[in-house]
Amino acid sequence: MAKVEGDSKEPLNEQAVANIYASMRTEINQIYSKITELEMEVSEHSLVINAIKPLDPSRRCYRMIGGVLVERTVKEVLPAVQRNKEGLEEVISRLTEALERKKKDVAEFEAKYKIRIRKGDGEMKDESSKKEGNAQGVLVGPAGATD
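Thresholds, definitions, all that
- Going along each chain's sequence as written, the residues are numbered from 1 onward.
- Predicted model: local features are reported for residues with pLDDT of at least 70 only, side-chain atom pairs are reported and counted for 80 or more only, and whole-chain, interface and lining totals are derived from all residues.
- The side-chain quantities take in all heavy atoms of the structure and omit both hydrogens and water.
- Joining through side-chain atoms within 4.5 Å is the link that ties buried Ala, Val, Leu, Ile, Met, Phe, Trp, Tyr and Cys residues into a set, and such a set is a nonpolar core.
- We call a residue buried when its accessible area falls under 20% of the maximum for its residue type, exposed when it is over 50%, and partly exposed in between, using a 1.4 Å probe and counting protein chains only.
- A run of DSSP states H or I qualifies as a helix once it reaches four residues; a run of E qualifies as a strand once it reaches two. Both are numbered from the N-terminal end.
- Pairing between strands is defined by DSSP: at least two bridges between the two strands are required.
- Each reported salt bridge corresponds to a side-chain nitrogen of Lys or Arg within 4 Å of a carboxyl oxygen of Asp or Glu.

As for the nonpolar core
Item 1. In terms of nonpolar packing, the biggest core is built from 16 residues, with Ile35, Leu99 and Phe109 touching the most fellow members.
Item 2. Those elements that place two or more of their residues in this core are α1 (14-52) and α2 (74-113).
Item 3. Sorting elements by how many residues they give to this core places α1 first, with nine residues.
Item 4. Core analysis: the next-biggest nonpolar cluster, separate from the first, contains seven residues, Cys61, Val77, Leu78 and Val81 among them.

Some thoughts on the pairing of strand β1 (residues 60-65)
Item 1. Bridge analysis of β1 against strand β2 (residues 68-73) gives six bridges, and the strand direction is antiparallel. If you follow Cys61 over to β2, its bridge partner there is Arg72.
Item 2. Hairpin connection from β1 to β2: two residues lie between these consecutive antiparallel strands, with Gly66 at a positive phi of about 60°.

Considerations on the pattern of salt bridges
Item 1. Per the stated rule, a full pass over the model turns up five salt bridges.
Item 2. In this structure, Glu90 engages Arg94 in a salt bridge whose closest nitrogen and oxygen atoms are separated by 3.4 Å. Placement of both Glu90 and Arg94 in helix α2 is noted, with a separation of four residues, approximately one turn of the helix.
Item 3. On the accessibility criterion, Arg94 (47% relative accessible area) is partly exposed.

Structure, rendered in structure tokens:
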């Protein structure tokens with residue numbers, strides 16, 4: 001068995017390496033899911049902003065706050081929804097940066113331990129196709145679903 005260099009947190013066997021790699025991939029998938037969820041929220045906020053922007057500022061509208069429906073005016077609600085949208089966009093950008101860091105860590109881990117992902121038919125992917133696969137998004141639902 002090769003001597004472990006420097007860091008005492010280095011995995012000692014193949015199973016430990018596989019477990020760490022699997023957890024890293026799971027974290028990446030969770031970040032992808034969260035980004036997708038937040039992008040949908042931003043889209044909903046944009047729809048609301050576009051719907052209420054042309055309305056009279058004194059017109060009544062309703063907003064859900066913490067599970068309670070409250071009556072406000074368009075003048076009060078529009079800036080709050082815009083602030084929320086901006087906050088969501090900031091969180092998305094931070095998550096995207098974290099995702100890129102995590103993908104870089106996984107790539108370094110793969111290179112360090114010579115990890116290769118098997119295709120469904122059992123063939124090994126070459127390095128270039130593996131890199132391309134990491135850059136793609138996550139499938140959210142079945143194709144053609146319109147719900």
